[in-house]
Amino acid sequence: TTVSGAMDNGGVGGEHGGGHHQQEGRQATEEHRDNNHNHNNNNNINNNTTTKGPAAPSVWGRRGQQQQTASLADQQQVGSTTRGGGRWGAAAPTSSILPGGDNPYFSAGFGLVVLGGALAVARAGGKRGWDMARRQMVLRMEIASHDPAYQWVLRWVGQQATHTQEVSVQTSYRLAADGRKGTHFDLLPSPGWHWLQWKGRPVLVHRTRDKQLLDVSSGVASENVVLSALGRDKQFFLDLLLHAKQLALAADHSKTPVYTAFGHEWRLFGTPRRPRPLHSVILDQGQSHRILTDVQDFLHQPAYYIDRGIPYRRGYLLYGPPGTGKTSFITALAGELRYGICVLNLSDKGLTDDRLAHLLSVVPERCITLLEDVDAALDHVGIPSAQGGASASNRHGLGVTLSGLLNTLDGVASTEERVLFMTTNHIERLHPALIRPGRIDVKEKIDFATRHQMEHMFHRFYPEAPTSLGTEFADKLPQHVPMPISMAQLQAYLMLHKSQPRNAIHCLPEFPRL
């Protein structure tokens, strides 16, 4: 009964104060905005008073109810202000949406975003800084597999990085001292990372192999090797390349390498050959010495040509019957000069004027360029000879043209510092423009065997035989053998009597039946 009375009295008091509700509500709202802490305390006092028991309606009771009503109206106003503006046009409280407010979820998310952005910027800045520092402090040199220095450096790395456990095998065939061919295995660094020490500095080696990118000329996977070292002096890598080249050439210094055209570059053909002694090729008296002296004079006087504006190149034509020793003499001459030989086949249908000019411009250093049997090669591709005319292949535009060959030998497309040898069995078939001075500077006829060559050939096979036997052999040979005779025929006969000089003389009547 007491509780009901209190509620009835409270209800009467609420109706009595209803007329001033809006005015006092606005006052309560302003008081709430001014002092939020007092508002909470008044609510607590009002709730305690209502819960504890009946009380007489008073000013404080009505004020508590009015403050509750104002609190509800204030919450509605805050919600409507958040959605787009309150009824009274008051601004919404910003404490719940700013990073420094009371919303812990928003603060945590904003902190993660800031932290992630800072880490990304730091990572990008660190990477860029490392790249800049590496460019300033680390030397890097990349060598592709089609570069001549690639094999030099790869073999040098294989000799230096002896501690590496990952190697690849490169098999080659080399001539032994006794003339026999043997198998040789080179252990090279496999694709991957390797390190070594050179001149007191660490060198990092990275060899890569791209299986999807193939070399068109060879059909093998493209490779490259990258060398890295601390420092900024590029001379370090230049010295390294020179050292690797010297080591590679020293292994074949006493041999004669032979190169053939492979696509648009020169490739080593087989294994380097043991040099043939120049005196083993017996030409007519004084011929060998005359050619050798002219070549050496050309190689030792480049300044003479440069000072006088003369193109620094020399052309030689050796002509004569087959089997007289033209190609053999060129091979022996290259061995005497410690030069290699680049053999170019003009009858190759894939050889065009542009490819010919390019090949002659990229001839390896210290090499003789050889055009062998040039008369047959030119007839095959249809280049007109001295008698005129052209074959069907030339009329259809296949192979090398005469103008392309002439321009390559002595024209705008010709190269400097070149030693060119041609051989032919029929000099009369060559076009006069091809063998004029400037393209061919020295012409030497290598003819059939003379008496001088017969005697020297006999003593070459039998060095311990008396001189009289050589004279007897040269006297009797024309009596039993139809003349003329080539040096190749004479050599084949003496090979049948390797250690029997007297039998070689006594069996001369059997020579025609060989």
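Read on for a plain summary of the structure. If you're wondering where the values come from, they're calculated on a predicted model, not measured in any experiment.

1. What about the overall build of the chain?
A tally of regular secondary structure across the chain gives 18 helices and 13 strands. Restricting to contacts in the chain with at least 6 residues of sequence separation, those with at least 24 account for 65%. Summing over all exposed atoms, the chain offers an accessible surface of approximately 30600 Å²; the carbon and sulfur share of this is 55%.

2. Structural notes on unusual backbone geometry
The omega torsion across Met 483 and Pro 484 is 0 degrees, close enough to zero to call that bond cis. Mapped onto the elements, Pro 484 comes out in the loop between helix H16 (467-480) and helix H17 (487-494). We note that Arg 338 has phi near 60 degrees; this positive angle belongs to a residue other than glycine. As for its position among the elements, Arg 338 is in the loop between helix H10 (326-337) and strand E10 (340-343). One non-glycine residue with positive phi stands out, namely Arg 366, at about 55 degrees. Mapped onto the elements of the fold, Arg 366 is located in the loop between helix H11 (353-361) and strand E11 (367-371). Residue class for Arg 366 comes out partly exposed when judged on its relative accessible area of 46%.

3. Points about the packing of helix H15 (residues 451-461) against H17
Running from N to C, H15 and H17 cross one another at 30 degrees; their axes reach a closest spacing of 11 Å. The way H15 lies across H17 gives a crossing that is right-handed. Contacts between H15 and H17 involve Gln 453, Met 454, Met 457, Phe 458 and Phe 461 from the first element and Met 487, Leu 490, Gln 491 and Leu 494 from the second. Taken together, the residues of the contact of H15 with H17 break down into seven nonpolar, two polar and no charged.

4. Brief notes about the layout of surface pockets
Quantified by volume, the largest pocket comes out at close to 1800 Å³. What lines the largest pocket is a set of 48 residues, and nearest its centre among them are Pro 148, Gln 151, Trp 152, Tyr 259 and Leu 268. No other element matches the seven residues that strand E2 (residues 167-175) contributes to the lining of the largest pocket. Its residues assigned to classes, the lining of the largest pocket shows 21 nonpolar, twelve polar and 15 charged.

5. Some remarks on the side chain of Thr 164
Tracing the backbone through its elements, the reader meets Thr 164 in the loop between helix H6 (149-160) and E2. In terms of polar contacts, Thr 164 uses its side chain to reach the side chain of His 194, at 3.0 Å.

6. What to know about H17
Looking only at H17, the buried set comprises Met 487, Leu 490, Tyr 493 and Leu 494. The buried side chains of H17 occupy one side of the element, clustering within an arc of 120 degrees when seen end-on. Among the structural elements, H15, H16 and helix H18 (501-506) are those in contact with the buried residues of H17.

7. Some details on the side chain of Ser 288
Inspection of the secondary structure puts Ser 288 in helix H8 (residues 287-300). Setting aside chain neighbours within four positions, we find Ser 288 in contact with Leu 278, Leu 283 and Phe 329.

What counts as what
- Residues numbered from 1 in each chain as written.
- Predicted model: local features only at pLDDT ≥ 70, side-chain atom pairs only at ≥ 80, totals over all residues.
- Heavy atoms only, no water.
- Helix = DSSP H or I, 4+ residues; strand = E, 2+ residues; numbered from the N terminus.
- Contact = heavy atoms within 4.5 Å.
- Areas by Shrake-Rupley, 256 points an atom, 1.4 Å probe, with all protein chains shown as cover.
- Buried < 20%, exposed > 50% of the residue type's maximum accessible area, 1.4 Å probe, protein only.
- Axes fitted to C-alpha atoms, helices over the stretch in contact; angles between N-to-C directions.
- Left-handed = near helix turned anticlockwise from the far one by under 90°.
- Nonpolar A, V, L, I, M, F, W, Y, C, P; charged D, E, K, R; others polar.
- 1 Å grid on protein atoms, 1.4 Å probe; cavity = no way out; pocket = protein on both sides within 12 Å on 5 of 7 lines; lining within 4 Å.
- Points joined across faces, edges and corners; volume = space filled by probe spheres on them.
- Polar contact = N/O pair within 3.5 Å; in protein donor to acceptor, adjacent residues only side chain to side chain.
- Arc of directions from axis to C-beta.

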